[in-house]
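# Architecture at a glance
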Amino acid sequence: MYGLVNRAVEGLVRKEFGDDTWERVRREAGVDIEVFGRMERYDDAVTYDLVAAASELLDTPASELLRGFGHYWVNYVGEEGYGPLMEAAGDSFESFLNELDNLHARVAMSYPDLQPPSFRCTRVGEALHLHYHSDRRGLEPMVVGLLEALAERFGETVSIEVTEQEDHPVFVLVSG
Ligand code: 1MF
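Report on the accompanying structure.

Definitions and cut-offs
Numbering of residues starts from 1 in every chain and runs along the sequence as written. The model is predicted, so local features are restricted to residues of pLDDT at least 70 and side-chain atom pairs to those at 80 or more, both for listing and for counting; the totals for chains, interfaces and linings are taken over all residues. Heavy atoms from the whole structure form the basis of all side-chain values; hydrogens and water molecules are not counted. Nine residue types can take part in a nonpolar core, namely buried Ala, Val, Leu, Ile, Met, Phe, Trp, Tyr and Cys, and a core is a set of them joined through side-chain atoms within 4.5 Å. Each residue gets one of three labels from its accessible area relative to the maximum for its type: buried under 20%, exposed over 50%, partly exposed in between, using a 1.4 Å probe on protein chains only. For the purposes of this entry, the term helix denotes a DSSP run of H or I that reaches at least four residues, the term strand denotes a run of E that reaches at least two, and both are numbered from the N terminus. Between two residues, a contact is recorded if the distance between any of their heavy atoms is within 4.5 Å. Whether two strands pair comes down to DSSP finding at least two bridges between them. Axis definition: a line fitted to C-alpha atoms, limited for helices to the stretch in contact. Angles are taken between N-to-C directions and run from 0 to 180 degrees. Distances are taken per atom, and a residue is near a molecule or strand as soon as one of its heavy atoms is within 4 Å of it. Here a polar contact is taken to be a pair of N or O atoms separated by no more than 3.5 Å, where protein atoms must pair a possible hydrogen donor with a possible acceptor and residues adjacent in sequence count only if both atoms sit in side chains. Computed by Shrake-Rupley with a 1.4 Å probe, the accessible areas treat only the displayed protein chains as cover when residues are assessed. Throughout, the ten residues Ala, Val, Leu, Ile, Met, Phe, Trp, Tyr, Cys and Pro are labelled nonpolar, Asp, Glu, Lys and Arg are labelled charged, and all others, Gly among them, are labelled polar.

## As for the nonpolar core
Leu-50, Leu-97 and Phe-171 are the most contacted members of the largest nonpolar core, which has 51 residues in total. Looking at this core, the element that brings in the most residues is helix 4 (residues 62-88), giving nine residues. When near neighbours in sequence (up to four residues on either side) are disregarded, Leu-50 contacts Asn-6, Val-9, Trp-22, Val-25, Arg-26, Ala-29, Val-31 and Phe-36.

## Remarks on the sheet that holds strand 2 (residues 127-133)
With respect to topology, four strands assemble into an open sheet ordered 1-2-4-3, the strand pairing being antiparallel. Two strands bound the open sheet, and with one partner strand each, they are strand 1 (118-124) and strand 3 (158-165). This sheet shows a mean twist of 25° between the axes of neighbouring strands, independent of strand direction. Pairing analysis gives four bridges linking strand 2 to strand 4 (residues 168-175), with the strands arranged antiparallel. Residue His-131 lies in a different strand from strand 4, and its bridge partner there is Val-170.

## Quick word on the site of the ligand
Residues in contact with the ligand amount to 26 residues; listed here are only the nearest, Tyr-2, Gln-115, Tyr-132, Ser-134 and Arg-136. Between an oxygen atom of the ligand and a side-chain N or O atom of Ser-134, the distance comes to 2.5 Å. When the free accessible area of the ligand is taken as 890 Å², the share hidden by the protein chains comes to 99%. Looking at the shell around the ligand, the elements with two or more residues in it are helix 1 (3-17), helix 4, helix 5 (93-110) and helix 6 (140-153). Of the residues that constitute the shell around the ligand, the class distribution is 20 nonpolar, three polar and three charged.

Laid out in structure tokens, this is it:
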């Protein structure tokens, strides 16, 4: 993943647990990169190893850290210059979800090595079903955090359940 993601992991750990903890996480993960370049590509294993090391050192389930990361990411990309991109992606929670693939396509125009997930949104009665396709495994809790934080930005509260349909995860969102 692009270094922007690893920088966000770093920022989250530093903010919540302190600079010393970050150094310990980095060492425990066997990551000898001191400064992640935002536009540089790193093996996904770097990100997964950092999360696994943080989970062990902080005695916190990886799923909880990933969910926290989702919240952090939404504010982080805003501060890192992607605010306009995020704002252009919709003026309501539901329209934003429908724009996610376009948003990633726009990022991928400048950064062709992006490996974006794909989302498809359908309405099922009261609920919104968000179909999630990704080459990456195990990041559902991160997406839950992202969705919670996005909903918050639009002044909505949603409950989110992760289900499985055929070969991919489906997030079932109910507002209120
Ligand atoms: O392949 C990648 O490097 C990659 C990086 C980040 C792919 C996707 C993403 C964003 N995504 C992270 C979880 C990935 C889960 C998966 O692959 O299954 C979050 C996607 C998302 C979901 C819900 C709501 C909002 C979301 O993100 C919005 C977004 C997405 C991408 C960027 C910014 C906001 C982005 C911008 C610039 C990037 C990379 C991603 O790269 C840079 C950064 C700085 C300079 C040059 C390139």
